[in-house]
Each structure stands twice: as structure tokens, then as C-alpha cells.
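# Overview (structure and organization)
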Amino acid sequence: IIAWRFVEQQSLHDPLTGLPNRALFADRLNHAMAAAARSGKPLAVMYLDVDNFKKINDSLGHAAGDELLRSIAGRLRTCLRSVDTPSRLGGDEFAVLLENVGASTEALQVAERIRTSMAEPFPLASPAVEVRLSIGLAVAETSDTAEQIVRGADVAMYAAKREGGGRVRLFDSTMDGREPDATLGATAG
């Protein structure tokens, strides 16, 4: 049983940060969508991307980049409630599932708390590293699928990047949806 739990832990969590991976995030989102449909309590998804992460990796090295990703995961956890699900989707991309959010304003407050938390310098080098996140946020409508809500958050994140990064954008139907698709697939990442 212990070996099986270890294998399960490894297959559902990112080995670098310990956060749920893409597969576990997708599973939790699907369960949350079903629960939200029954309860009528909305949920939201955030898509987060570290602005200029490649420059950090190139200038400080991959070990510092990995340490930064672990530190980001730690700060992310402190900004969330126990019912929320932070995850690392891969590279420098993270996602957060916010369950039972009262309205888009509550989800926006959480996103802003995360953005502010990440603005504090990370003590990886001298001087400390400053990081900005582009955050896209989508609040699920009752007719949305899991793929639609993730895609909306992804589109909003790309809108935040186009506007200079380091900001939060809430998805709305007027946003151009030509950005790359964010899919949840069943592959572990």
C-alpha cells in the first residue's frame, strides 16, 4: 500500500514544486464543476505565467530557476484557502481552482493577493529577484465545460501579457480567443 501511494503521489503531483499536476488539476476541476452545478455556487480558474522567466533562467541558471518555481509555489499556497487547488501545469505556468467564490470580485481579490505576494523580491541571488505574474481569470457560467473555463482563463492571461504583463485580467466574451489553446488532457506534466 505504501508503494502504491508513493506511485500515485508521483503521478499526480509535480516533482519540483509538490503541487498537483495537470492531470490532478483536471480531475479536481471536473469534480468541482459537477459540485457547482448541483449547489449553484460558482467557481473560478486562474491561469498564471511568470513574466520573463527565460531571462531569469538564462541569467541565474536553471538551479535558480527551479528554486524560484518552488518559491512561487510556496507563496501561492499561502494566498489560498484550503479548498482551493493550486497546480503547476508545466514550465513556468500555474493554474488555480477557486471553489465556492461568491462573485467575480472575490476571485479578483484572490488574484490580486497572489499578484501582490509575488511582487515581493525572492532572495535567490544578490540582489533579490523580482518577479511579475500575468494572471488570467475566468469565472464559470453554468453552461461552461471544464475546457471552456480553462480556455477563458488562458485567453485572459494572454491579454494580461499583451498589456505589458504583471497584471490580472478577467475573461469576458469580447476577448480575442486566437491565443494557444489551454487543454487539460489526461497527461501528467
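What comes next is a walk through the structure. Treat the numbers as computed from the prediction; the structure is a model and nothing was measured. (Residues numbered from 1 in each chain as written. Predicted model: local features only at pLDDT ≥ 70, side-chain atom pairs only at ≥ 80, totals over all residues. Heavy atoms only, no water.)

Relative orientation of the contacting elements helix α3 (residues 53–60) and helix α4 (residues 62–78) amounts to 135 degrees, with a least axis distance of 6 Å. In terms of orientation, α3 lies oblique with respect to α4. Counting all contacts with α3, which are made through F53, I56, N57 and L60, the residues of α4 involved are H62, A64, G65, L68 and L69. Along the lines of polarity and charge, the residues of the contact of α3 with α4 split into six nonpolar, three polar and no charged. (Axes fitted to C-alpha atoms, helices over the stretch in contact; angles between N-to-C directions. Helix = DSSP H or I, 4+ residues; strand = E, 2+ residues; numbered from the N terminus. Parallel < 35°, antiparallel > 145°, perpendicular 65-115°, else oblique. Contact = heavy atoms within 4.5 Å. Nonpolar A, V, L, I, M, F, W, Y, C, P; charged D, E, K, R; others polar.)

Right, let's talk about the nonpolar core for a bit. Here is a general trend for soluble globular proteins: nonpolar side chains tend to be buried in one another's company. Counting residues in each nonpolar core, the largest one holds 31 residues, and the members touching the most others are M46, L48, L76, F94, L98 and I114. Elements represented by at least two residues in this core include exactly β1 (44–50), α3, α4, β3 (93–98), α5 (104–119) and β4 (133–139). Not counting residues within four places of it along the chain, the set of residues in contact with L98 comprises L43, A44, M46, L80, R81, D84, A107 and V110. (Core = buried A, V, L, I, M, F, W, Y, C linked by side-chain atoms within 4.5 Å. Buried < 20%, exposed > 50% of the residue type's maximum accessible area, 1.4 Å probe, protein only.)

A word on the pattern of salt bridges. Per the stated rule, a full pass over the model turns up nine salt bridges. We note a salt bridge from K161 to D49, for which the minimum N-O separation is 2.7 Å. Of the two residues, K161 is situated in helix α6 (residues 146–162) and D49 in strand β1; the sequence distance between them amounts to 112 residues. The shortest N-O distance in the salt bridge between R115 and E112 comes to 2.4 Å. One end of the pair is R115 and the other is E112, both in helix α5 and three residues apart, which spans about a single turn. Through salt bridges with shared partners, a single ionic network connects D49, D51 and K161. (Salt bridge = Lys/Arg side-chain N within 4 Å of Asp/Glu carboxyl O.)

What follows deals with the environment of P42. With respect to the helices, strands and loops of the structure, P42 is situated in the loop between α2 (22–39) and β1. Setting aside chain neighbours within four positions, we find P42 in contact with E99, N100, V101, G102 and V139.

What follows covers the sheet that holds strand β2 (residues 85–90). Pairing within the open sheet is mixed, and its five strands lie in the order β2-β3-β1-β4-β5. One side of each edge strand has no neighbouring strand; the edge strands of this open sheet are β2 and β5 (168–170). Strand-to-strand twist in this sheet, taken as the mean axis angle between neighbours without regard to direction, amounts to 20 degrees. Where β1 and β4 come together, seven bridges link them in antiparallel fashion. Note that in β4 the partner of D49 across the bridge is S134. Most of the contacts of α4 go to β3, to which it runs at about 15 degrees, and overall it touches β1, β2 and β3. (Pairing = 2+ DSSP bridges.)

Moving on to α5. Over its 16 residues, α5 runs 22 Å from end to end, which matches the ideal 22 Å to within 8%, given 1.5 Å per residue. Of the residues making up α5, those classed as buried are A107, V110, A111, I114, S117 and M118. An end-on view of α5 places all buried positions within 125 degrees of arc, on one side of the element. Of the exposed residues in α5, those oriented more than 90 degrees away from the buried face are T105 and Q109. Summarising the contacts, the buried residues of α5 are in contact with β1, α4, β3, β4 and β5. (Expected span 1.5 Å × (residues − 1). Arc of directions from axis to C-beta.)

For the rest of this paragraph, the subject is the side chain of D49. According to the relative accessible area criterion, D49 is buried, its value standing at 8%. Reaching out from D49, the side chain makes a polar contact with the side chain of K161 at a distance of 2.7 Å. For D49, the contacting residues outside a window of four places in its chain are D92, E93, R132, L133, S134, M157 and K161. (Polar contact = N/O pair within 3.5 Å; in protein donor to acceptor, adjacent residues only side chain to side chain.)

Let us now look at unusual backbone geometry. You will see that N52, though not glycine, has its phi angle at about 60 degrees, which is positive. With respect to the secondary-structure elements, N52 resides in the loop between β1 and α3. The phi dihedral of N100 falls on the positive side, at around 55 degrees, and the residue is not glycine. Mapped onto the elements, N100 comes out in the loop between β3 and α5. Overall, N100 belongs to the partly exposed group, its relative accessible area being 42%.

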